[in-house]
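Spelled out from the first residue to the last, the chains are:
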Amino acid sequence: MNTYLIINETHSLLPDQVRELEEKGMLDYEEIRIPKEGWSLQTRLANAEEWTLLGGRFIFVSPEPVLLGKLAYNAGFGLNIEVYIFTNDQRVKKELPDGRIIHTVAREGWKLVRI
């Protein structure tokens, strides 16, 4: 089974995360890098469909998706639960005092999407 690691392009794995992957026998993975400016909702949904058909293991490098994943999984069993996520396709470039450019989510343009 192929393993895919989903990570923001500006992030890297911590040594403890690498250790955990090694202990689980999952060091042979393909990275899916999320651009620092993010993806549009359309791209996110298209990727989800494509990856579902692709199959395999998908590892998100973030602590929050475990909660989302479990709730969405439970919703799939027809339980009395609905899962929604706020999403925003718009990013704003900001220049830091040291000259670096970062991207942040815009204050406007939010949409509520049912999963």
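Just so it is clear, the model here is predicted, and its values are computed rather than measured.

A. Here's a closer look at the layout of surface pockets. Put simply, the largest pocket is a space of about 1400 Å³. Taken together, 37 residues form the lining of the largest pocket, with I34, R44, F60, P65 and L68 sitting closest to its centre. Every element with two or more residues in the lining of the largest pocket is listed here: β1 (3-8), α2 (41-54), β3 (57-60), α3 (65-75), β4 (84-88), β6 (101-105) and β7 (110-114). Tallying contributions element by element places α2 first for the lining of the largest pocket, with 8 residues. Residue composition of the lining of the largest pocket, grouped by class: 21 nonpolar, 11 polar and 5 charged. Approximately 280 Å³ is the volume attributed to the second largest pocket. What lines the second largest pocket is a set of 13 residues, among which Q17, E20, L21, I59 and F60 lie closest to the centre. When contributions to the lining of the second largest pocket are tallied by element, the ones reaching two or more residues are α1 (15-23) and β3. Looking at the lining of the second largest pocket element by element, the count peaks at 4 residues for β3. Grouping the amino acids of the lining of the second largest pocket by side-chain chemistry returns 8 nonpolar, 2 polar and 3 charged.

B. Region of interest: the sheet that holds strand β2 (residues 30-34). Strand order in this open sheet of 3 strands is β2-β1-β3, and the pairing throughout is parallel. Two strands close off the open sheet at either side, each with one partner strand: β2 and β3. Each strand axis lies, on average, 25 degrees off the axis of its neighbour in the sheet, ignoring direction. Where β1 and β3 come together, 4 bridges link them in parallel fashion. Residue pairing across strands places L5 opposite I59, the latter belonging to β3.

C. Region of the structure containing the pattern of salt bridges. What the rule picks out here adds up to 8 salt bridges. The partner of D16 in a salt bridge is R19, and the shortest N-O contact between them spans 2.8 Å. A residue pair is termed a helical-turn pair when its members lie 3 or 4 positions apart in one helix, as D16 and R19 do in helix α1 at 3 residues. Relative accessible area serves as the criterion here: at 32%, R19 is assigned to the partly exposed category. Linking K24 and E20 is a salt bridge whose minimum nitrogen-to-oxygen distance equals 3.0 Å. A network of salt bridges, in which partner residues are shared, links D16, R19, E20, E23 and K24.

Cut-offs used in this document
Residues numbered from 1 in each chain as written. Predicted model: local features only at pLDDT ≥ 70, side-chain atom pairs only at ≥ 80, totals over all residues. Heavy atoms only, no water. 1 Å grid on protein atoms, 1.4 Å probe; cavity = no way out; pocket = protein on both sides within 12 Å on 5 of 7 lines; lining within 4 Å. Points joined across faces, edges and corners; volume = space filled by probe spheres on them. Helix = DSSP H or I, 4+ residues; strand = E, 2+ residues; numbered from the N terminus. Nonpolar A, V, L, I, M, F, W, Y, C, P; charged D, E, K, R; others polar. Pairing = 2+ DSSP bridges. Axes fitted to C-alpha atoms, helices over the stretch in contact; angles between N-to-C directions. Salt bridge = Lys/Arg side-chain N within 4 Å of Asp/Glu carboxyl O. Buried < 20%, exposed > 50% of the residue type's maximum accessible area, 1.4 Å probe, protein only.

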